[in-house]
Amino acid sequence: MWARLKAFILWAWKIISTPAATLSLGFLTLGGFLGGVLFWGAFNTALEVTNTEPFCISCHEMEDNVYEELTRTVHFTNRSGVRASCPDCHVPHEWTNKIARKMQASKEVWGKIFGTINTREKFLDKRLELAQHEWVRLKANNSLECRNCHSEDSMDLTKQSNRAAIMHTRHLLSGEKTCIDCHKGIAHRLPNMSGVPGWN
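Model, not experiment: these values are computed from the prediction.

(A) Structural view of the side chain of His168. Tracing the backbone through its elements, the reader meets His168 in helix α9 (residues 162-172). Among the polar contacts made by the side chain of His168, one reaches the side chain of Gln160 at a distance of 2.7 Å.

(B) Just the pattern of salt bridges, in detail. According to the stated counting rule, one finds 13 salt bridges in the structure shown. Residue Lys112 is joined to Glu61 by a salt bridge in which the shortest nitrogen-to-oxygen separation is 3.2 Å. With Lys112 in helix α6 (residues 95-113) and Glu61 in helix α4 (residues 60-70), the pair connects residues that are 51 residues apart, well separated along the chain. With its nearest N and O atoms 3.3 Å apart, the salt bridge here joins Arg101 to Glu134. One end of the pair, Arg101, is in helix α6; the other, Glu134, is in helix α7 (residues 120-140), and 33 residues separate them in sequence. An identical accessibility class is assigned to Arg101 and Glu134; each is buried. Among the charged side chains, a network of salt bridges with common partners joins Arg101, Glu108, Glu134, Arg137 and Glu145.

(C) Layout of empty space enclosed by the protein. Counting across every chain of the model gives one cavity of 30 Å³ or more. Space inside the largest cavity adds up to approximately 50 Å³. Taken together, Leu70, Ala84, Ser85, Cys86, Cys89, His90, Ala187 and His188 form the lining of the largest cavity. Broken down by element, the residue count for the lining of the largest cavity peaks at three residues, all from helix α5 (residues 86-90). For the lining of the largest cavity, the residue count by class is five nonpolar, three polar and no charged.

(D) Layout of a nonpolar patch on the surface. On the surface, Trp2, Leu5, Phe8, Ile9 and Trp11 cluster together into a nonpolar patch covering about 640 Å² of accessible area. Inspection of the secondary structure puts Leu5 in helix α1 (residues 2-17). Looking at Leu5, the relative accessible area reads 42%, which means it is partly exposed.

(E) Focus on the packing of aromatic side chains. For the coordinates displayed, the defined rule picks out six aromatic pairs. With 5.8 Å between their ring centres and 35° between their planes, Phe8 and Trp11 make a pair best called tilted. A residue pair is termed a helical-turn pair when its members lie 3 or 4 positions apart in one helix, as Phe8 and Trp11 do in helix α1 at three residues. Taking relative accessible area as the criterion, Trp11 reaches 51% and is therefore assigned exposed. Pairwise contacts between aromatic rings join Phe39, Trp40, Phe43 and Trp95 into one cluster. When the ring centre of Trp135 is taken as reference, the NZ or CZ atom of Lys184 above it lies at 5.3 Å.

Each value, and the rule that gives it
- Residues numbered from 1 in each chain as written.
- Predicted model: local features only at pLDDT ≥ 70, side-chain atom pairs only at ≥ 80, totals over all residues.
- Heavy atoms only, no water.
- Helix = DSSP H or I, 4+ residues; strand = E, 2+ residues; numbered from the N terminus.
- Polar contact = N/O pair within 3.5 Å; in protein donor to acceptor, adjacent residues only side chain to side chain.
- Salt bridge = Lys/Arg side-chain N within 4 Å of Asp/Glu carboxyl O.
- Buried < 20%, exposed > 50% of the residue type's maximum accessible area, 1.4 Å probe, protein only.
- 1 Å grid on protein atoms, 1.4 Å probe; cavity = no way out; pocket = protein on both sides within 12 Å on 5 of 7 lines; lining within 4 Å.
- Points joined across faces, edges and corners; volume = space filled by probe spheres on them.
- Nonpolar A, V, L, I, M, F, W, Y, C, P; charged D, E, K, R; others polar.
- Patch = residues over 30% accessible without salt bridge, like charges linked within 9 Å, V, L, I, M, F, W, Y side chains within 5 Å.
- Areas by Shrake-Rupley, 256 points an atom, 1.4 Å probe, with all protein chains shown as cover.
- Phe/Tyr/Trp six-rings, centres within 6.5 Å; stacked < 30°, edge-to-face > 60°.
- Lys NZ or Arg CZ within 6 Å of the ring centre and 35° of its normal.

Here's what the structure looks like:
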């Protein structure tokens, strides 16, 4: 019996180690499939880890500046108990848009490496530029991240202040403007807005 088992193992090893056309293709296919599953799992795990608030504020630049500001807004603490975290506002939920945003955000890694905003002073110097990048991005995607939580269909204009209801009806519901046009600084302190077109 041991002789048969040994003969089978030697025969199997000879087949596996000998590049025959059908088995090579079979092993390549199986190996490619298993490698693909492992890669996809690792990729999605990394994607989800980098899409969390603890990851976002793991850099002291974020924790000491923008996150500290967020903690004092209605998006952090409110009567409903719903809290927006960094990725809710800065990363699209749809997979394709999320990947595109992650690729854009990879430039921010260079900023971390080269210390572009590693002090409060450097951050404040670049604050308007950083904010304008976000405003342009949100304007271009029709404030997609805002609309993930704030739906026009769910808006009860009768529960809003008279001014807000008028502005939402005139500008937002008509499609003339999008959320970020009026709600700059809703979750973070505004930079010095002097010289920003259309800002009073």
